Amino acid sequence: MTQATLPLNGMRVLDLSYVFAVPYMAGLLSDLGAEVIKIEAPHKLDQTRGRAFGPYLDNDPAQDPWNRSGIFYVVNRGKRSLAMDLGHAQGQEIFRELVAKSDIVLDNFTPRVLRKWGLNYDELKKIKPSLIMLSNTGYGSTGPWSSFPSQGTTLEATMGITFYTGYRGDKPWKVGQSYPDFIACWAGLNGLWAAIAHLRKTGQGQWVDVGMYQLGVALMPEPLLQKQLDGTEPIRMGNEHAEYVPSNLYQAQGEDQWLALTVQTDAQWASLTQLMRQPQLATDTRFETAAARRLNRDAVNALVAAWCASRTPKDLFEQLQAHGIAAAPVLNSRDLLRDPHLKHRQFYETVSHPEPIGERPIIGRPYKLRFRDAHIKKPGPRFGEDNDSILRDILGKTPEEITALKASNVVSDLPTNPGLSGTMDTESMLRLKTLVAVDRDYRTK
Amino acid sequence: MGNIYPDGALTGLRVLDLSHGIAGPFAARLLGDHGAEVIKIERPFMGDFARTLAPLKQDAPFPEQSLLFQYLNWNKRSLALDLRLAENKALIQTLVEQSDIVIESFRPGRLESWGLGVEQLLDWQPKLVITSVTNFGQTGPYAQYAASDLTLQALSGIMQISGQVDREPLKHGLSQSFYCAGLTAAYASIMAYTAAQADQFGEHVDVSIHECLASELVLNESYYAFLGAVQGRRAVVQDPFAGEPIATRKGYLAFQTGGGAPFETFAELFDRPEFLEKRFSSPPEREKRVAEVKALLEECVADRDAKEVFLAGAQKRLLLGVVQSAEDLLNCEHLKERQSFTELDHPSTQTQIRFPSELAKLSLTPTSVRRRSPKLDEHRDEILAQLRSRP
């Protein structure tokens, strides 16, 4: 080859998964050149196409709400859509035909579902010996909890992160935003890429069994080790740090404006006291050393809080960073889309969707490549958008066969059971402050 | 130690780990877990600063006290080497020439200032993958900024939507930013290595910890990008079936709707017919009386233990979580059955500690822990001899 190329050019991925973790893995694979086919059930929409997660474009479900959900377009970018019923014998047969012409299958069913359909890894590898399959479940395919249902929200409690999150003195707190799904996404991609490397070397496929519970536990070694070492557990302390003082969030000037800062060394503390125009605090025996500051946490916090209160987060951010102190404002989703650093790095990619969605910013990838052009190659698909072309071009089905598959609801151009749709009650969310603003002019802002 | 372990997916691959702290070393270790041979370069005398991270085993000699260092650095051999010194240049060149992947986490520009920039490394080894793991990436206005787990969670937007509306934003516990970035750096390294093997072009992978976190906010971002809505934190009183921990006699439970069982199954679980009624089973109806729903649920679990309710509910295919601490996790029957933990000797005392070790099961090439973390410079002679013997 004469130039650097994307590693998944020419590879085909069948994505049977719903919600966040695995769909996002598959979307990220498409950024690297893979052809990803999302297989969706006509009678059961991906939750991200529906009301469960919203948000519909302009909060308007219109006539086809399943094609208007923003979250769907973020995690399913770059894919094609085949709306086909895998519970139906004919759907299973077509799926097997597709497996023979694909390289990777991704799913997040509980383990019993694919076994019931005869589409588990042991069956599929008979069709395609070099197949790589990844199954993501709450608890993995073995062990006493393997058949338990799970989703990120409840799993975060079980995996331990909830126990160590919360305001000082308060009960355990949900971290939210379906956090376990994202660590499962990153960890699943690890297993998957290792399997791809092995495939390229040996021609051998294999099965990657991801249990989210177990991998979540692996990302919180500190309390597991501390418990074994001396029998103690870290306590919940809000935004503070056991060793570094100050390391906390302080209210800054303006409505709901916050500044996070962490002082990691005594020299940084001295710099901070200069900035605060209270240099005497650097040599005050109550604050001079890290150990002293730990003993006087409340006093340190009060001093820093008083200084931050009358300054804007932006000024504080710039001044503190100019002095080498880790600091940052708390950004919201509007701030993030306008952040100069993320803009400079083109973290959000502008993707052109069919009308009425049009051009929208979509999260790219958390890494940059110098020599290879990883990018979002097309917008996420409308429901069943590629039914005909996939059946015709990949499997050679005739127009008559395709019509028959649609007539028997094996393949469908529309959801057969779209469920509830409806607008989000933004007014009451604003009242409750679970939304802090709704910008009508968000497209141009 | 070799024969008792089957080959990993990356057996035969060589990784040079120049990184320190959590994210970079975790990434290099993950490659080692898949079978790669990892040489860790540490600064002389002090070593990786992660050797000072808690929890510390006080009866062990410095710099061998940190159990966290142990967790982040198994499957590696250690060589202490000052990268800044010209006299070490030839040795560094040999190490790079014999590597497939280099992982580093210095402030952007630092390696280049020592004559070890990306161009130089690629000149020595054109198929090399260099993965840089830094707070804000190699470019952009924040590239040189300092950061901590807290400030990264602030600047990535995570904190804006975590916590309660009438209180301050709340960070995720522990040091999650760095583990998220370690996972990303590991898979991106294997990805770039796979690409380089195919087309013979090396790569520089620039991983930003900040962007790893911002990448997790797919819902939050689309609220704004598709509707102009800025999310806030959680309501003070919310539907208790949305995951907020509920206190039991012993421990906390998290409830969610939408598992494999209909909502009415809660009536069976608690022997309370109220859950069959529409005012509790319908989400919009529940929204109208969240305080009442919460009170009922609290009453149902007040005389029960969280773990017992979790098991009973999950067996009925309800979506339940149980808030578990380290002690619960260390004693969990499921993790035990899955053999999630590996017991290792401390490098310089004989204490055995159990570490969570497997992230995912690969059916053909399982991950393995083949050697404990190294003492500082433990493998100097072995590594130097090996370099001399290779062509």
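Quick summary incoming for the structure in this document.

Scoring rules and cut-offs
Residues numbered from 1 in each chain as written. Chains lettered and ligands numbered in written order. Predicted model: local features only at pLDDT ≥ 70, side-chain atom pairs only at ≥ 80, totals over all residues. Heavy atoms only, no water. Helix = DSSP H or I, 4+ residues; strand = E, 2+ residues; numbered from the N terminus. Buried < 20%, exposed > 50% of the residue type's maximum accessible area, 1.4 Å probe, protein only. Contact = heavy atoms within 4.5 Å. Lys, Arg positive; Asp, Glu negative; His and termini not counted. Charge placed at Lys NZ, Arg CZ, Asp CG, Glu CD. Areas by Shrake-Rupley, 256 points an atom, 1.4 Å probe, with all protein chains shown as cover. Axes fitted to C-alpha atoms, helices over the stretch in contact; angles between N-to-C directions. Parallel < 35°, antiparallel > 145°, perpendicular 65-115°, else oblique. Left-handed = near helix turned anticlockwise from the far one by under 90°. Nonpolar A, V, L, I, M, F, W, Y, C, P; charged D, E, K, R; others polar. Pairing = 2+ DSSP bridges. Polar contact = N/O pair within 3.5 Å; in protein donor to acceptor, adjacent residues only side chain to side chain. Phe/Tyr/Trp six-rings, centres within 6.5 Å; stacked < 30°, edge-to-face > 60°. Lys NZ or Arg CZ within 6 Å of the ring centre and 35° of its normal. Buried area = accessible area lost by both parts, 1.4 Å probe. Salt bridge = Lys/Arg side-chain N within 4 Å of Asp/Glu carboxyl O. Arc of directions from axis to C-beta. Patch = residues over 30% accessible without salt bridge, like charges linked within 9 Å, V, L, I, M, F, W, Y side chains within 5 Å.

### A short note on the overall build of chain A
Then, in step 1: Each helix and strand counted, chain A has 18 helices and 13 strands in total.
Then, in step 2: Principal-axis analysis of the C-alpha atoms places the extent of chain A at approximately 85 × 55 × 50 Å.
Then, in step 3: Within the span of chain A, comprising 445 residues, buried residues form 62% of the whole.
Then, in step 4: Restricting to contacts in chain A with at least 6 residues of sequence separation, those with at least 24 account for 68%.
Then, in step 5: Positive and negative charge centroids in chain A, built from 51 and 49 side chains respectively, lie 2 Å apart.

### Quick look at the overall build of chain B
Then, in step 1: Within chain B, the secondary structure is distributed over 17 helices and 13 strands.
Then, in step 2: Judged by the C-alpha coordinates and their principal axes, chain B covers about 75 × 50 × 40 Å.
Then, in step 3: Looking at chain B as a whole, 66% of its 391 residues qualify as buried.
Then, in step 4: Here the contacts in chain B between residues at least 6 apart in sequence split such that 71% fall between residues at least 24 apart.
Then, in step 5: As displayed, chain B offers around 13,500 Å² of accessible surface, 49% of which is attributable to carbon and sulfur atoms.
Then, in step 6: The positive charge centre, built from 41 side chains, and the negative charge centre, built from 51, are 2 Å apart in chain B.

### A look at the packing of helix α1 (residues 21-30) of chain A against helix α7 (residues 179-202) of chain A
Residue and element names in this part refer to chain A.
Then, in step 1: Where α1 contacts α7, the two axes come as close as 8 Å, and the packing angle between them is 50 degrees. Considered as vectors, α1 and α7 are oriented oblique to each other. As α1 runs across α7, the sense of the crossing is right-handed. Packed against α1, whose contacting residues are Ala21, Tyr24, Met25, Leu28 and Leu29, the element α7 presents Asp181, Phe182, Ala184, Cys185, Trp186, Gly188, Leu189, Leu192 and Trp193 at the interface.
Then, in step 2: Classifying every residue of the contact of α1 with α7 by side-chain character gives twelve nonpolar, one polar and one charged.

### Topic: the sheet that holds strand β6 (residues 203-208) of chain B
Hydrogen bonds along the backbone pair up the strands of a sheet, which may run parallel or antiparallel.
Then, in step 1: Taken in spatial order, the seven strands line up as β12(A)-β6(B)-β5(B)-β4(B)-β1(B)-β2(B)-β3(B) in an open sheet, and their pairing is mixed. On the outer flanks of this sheet lie β12 (367-369) of chain A together with β3 (76-80) of chain B, each paired with one strand and no other. Averaged over all adjacent pairs, the angle separating strand axes in this sheet is 20 degrees, with direction ignored.
Then, in step 2: Bridge count between β12(A) and β6(B): three bridges; the pairing is antiparallel. What sits directly across from Tyr367(A), in β6(B), is Val207(B).
Then, in step 3: The sheet strands contacting helix α17 (residues 380-389) of chain B are β2 (37-42) and β3 of chain B, and the helix crosses β3(B) at an angle near 95 degrees.

### Let's talk about the environment of Lys288(B)
All names here are of chain B.
Then, in step 1: Mapped onto the elements of the fold, lysine 288 is located in helix α12 (residues 283-288).
Then, in step 2: Note: C-alpha distance between lysine 288 and isoleucine 4 (284 residues apart in sequence) is 61 Å.
Then, in step 3: At a separation of 3.0 Å, a polar atom in the side chain of lysine 288 contacts the side chain of glutamate 285.

### Concerning the packing of aromatic side chains
Then, in step 1: The full count for this structure, using the stated rule, is 42 aromatic pairs over all chains.
Then, in step 2: Aromatic pair Tyr167(A) and Trp173(A): ring centres 5.6 Å apart, planes at 85 degrees, arrangement edge-to-face.
Then, in step 3: Judged by relative accessible area, which is 6%, Trp173(A) ranks as buried.
Then, in step 4: Here a set of aromatic residues connected by ring pairs shows up, and it is made of Phe241(B), Phe255(B), Phe263(B), Phe266(B), Phe270(B), Phe275(B) and Phe280(B).
Then, in step 5: A cation sits over an aromatic face here: Arg29(B) above Tyr71(B), 4.7 Å from the ring centre.
Then, in step 6: The residue whose ring lies beneath Arg354(B) is Phe341(B), and the NZ or CZ to ring-centre distance is 5.2 Å.

### Points about the pairing of strand β12 (residues 352-356) of chain B
Along any regular strand, the residues point their side chains to alternate faces of the sheet.
Residues and elements named next belong to chain B.
Then, in step 1: Bridging between strand β11 (residues 341-345) and β12 involves five bridges; their strand directions are antiparallel. Looking at the pairing, threonine 342 lines up with phenylalanine 355 of β12.
Then, in step 2: Two successive antiparallel strands, β11 and β12, enclose a turn made up of six residues.

### A look at the sheet that holds strand β7 (residues 247-251) of chain A
Residue and element names in this part refer to chain A.
Then, in step 1: A sheet is described by the order of its strands in space; here three strands give the open sequence β7-β8-β9, paired in antiparallel fashion. The sheet is open, and its two edges are formed by β7 and β9 (326-329), each paired on a single side. Strand-to-strand, the axes of this sheet are offset by a mean angle of 20 degrees, without reference to chain direction.
Then, in step 2: Pairing analysis gives five bridges linking β7 to strand β8 (residues 258-262), with the strands arranged antiparallel. For asparagine 248, the partnering residue across the bridge sits in β8 and is leucine 261.

### Topic: the environment of Glu298(B)
Residues and elements named next belong to chain B.
Then, in step 1: Considering the arrangement of structural elements, one finds glutamate 298 in helix α13 (residues 290-301).
Then, in step 2: In this structure glutamate 298 comes out as partly exposed when scored by relative accessible area, which is 34%.
Then, in step 3: C-alpha separation for the pair glutamate 298 and alanine 247, spaced 51 residues apart in sequence, amounts to 6.9 Å.

### Looking at helix α9 (residues 218-227) of chain B
Residue and element names in this part refer to chain B.
Then, in step 1: Burial of α9 is extensive: ten of the ten residues sit out of reach of the surface.
Then, in step 2: Residues of α9 that are buried include every one of Val218, Leu219, Asn220, Glu221, Ser222, Tyr223, Tyr224, Ala225, Phe226 and Leu227, and no others.
Then, in step 3: Backbone geometry just downstream of α9 places glycine 228 in the positive-phi region, at approximately 80 degrees.

### Some remarks on the side chain of Ser333(A)
Then, in step 1: Counting through the fold element by element, Ser333(A) comes out in helix α14 (residues 333-338).
Then, in step 2: Excluding residues within four positions of it along the chain, Ser333(A) makes contact with Asn220(B), Tyr224(B), Ala229(B), Val230(B) and Gln231(B).

### Topic: the interface of chain B and chain A
Quite often, the size of an interface is put as the accessible area lost when its parts meet.
Then, in step 1: Contacts between the two partners involve 149 residues from chain B and, on the opposite side, 158 residues from chain A.
Then, in step 2: Interface area, chain B with chain A, both sides summed: about 13,600 Å², of which 64% is carbon and sulfur.
Then, in step 3: Among the residues of chain B in contact with chain A, Tyr187(B), Tyr224(B) and Phe226(B) are the three that bury the most area, contributing 6% of the side total.
Then, in step 4: Summed over the shared surface of chain B and chain A, the number is ten salt bridges.
Then, in step 5: Put simply, Asp209(A) and Arg338(B) hold a salt bridge, and the shortest N to O gap is 3.1 Å.
Then, in step 6: Remark: the boundary between chain B and chain A carries 67 residue pairs in polar contact (both at pLDDT 80 or more).
Then, in step 7: The leading source of residues in the side of chain B that touches chain A is helix α7 (residues 176-199) of chain B, at 15 residues.
Then, in step 8: Split by residue class, the side of chain B that touches chain A holds 82 nonpolar, 44 polar and 23 charged.

### Describing the pairing of β9(A)
All names here are of chain A.
Then, in step 1: Alternating residues of β9 divide into Ala326 and Ala328 and Ala327 and Pro329, and every residue in both groups is buried.
Then, in step 2: Pairing between β8 and β9: four bridges, direction antiparallel. Bridge assignment links leucine 259 to a residue of β9, and that residue is proline 329.

### Describing helix α14 (residues 306-315) of chain B
Then, in step 1: Along α14(B), the positions that sit buried rather than exposed are Ala306(B), Val309(B), Phe310(B), Gly313(B) and Ala314(B). For α14(B), the arc enclosing every buried residue in end-on projection is 120 degrees, short of the 170-degree limit, so these residues lie on one face.
Then, in step 2: Looking at the buried positions of α14(B), the neighbouring elements they touch are α6 (152-159) of chain A together with β9 (252-256), α10 (265-270) and β10 (319-322) of chain B.

### A look at the pattern of salt bridges
Then, in step 1: Tallied over the full model, the rule gives 62 salt bridges over all chains.
Then, in step 2: Ionic pairing is found between Glu119(B) and Arg370(A), a salt bridge with its closest N-O pair at 2.7 Å. One end of the pair, Glu119(B), is in helix α5 (residues 118-124); the other, Arg370(A), is in the loop between β12 and α16 (387-394), on a second chain.
Then, in step 3: A salt bridge links Asp82(B) to Arg84(B); its shortest N-O distance comes to 3.0 Å.

### As for a nonpolar patch on the surface
All names here are of chain B.
Then, in step 1: A cluster of nonpolar side chains, contributed by Phe45, Met46 and Phe62, occupies part of the molecular surface with about 380 Å² of accessible area.
Then, in step 2: Relative to the helices and strands, methionine 46 resides in the loop between β2 and α2 (67-72).
Then, in step 3: Judged by its relative accessible area of 40%, methionine 46 falls in the partly exposed class.

### Some words on the side chain of His379(B)
Then, in step 1: Here His379(B) shows up in the loop between β13 (360-362) and α17.
Then, in step 2: Under the relative-accessibility criterion, His379(B) is labelled buried at 7%.

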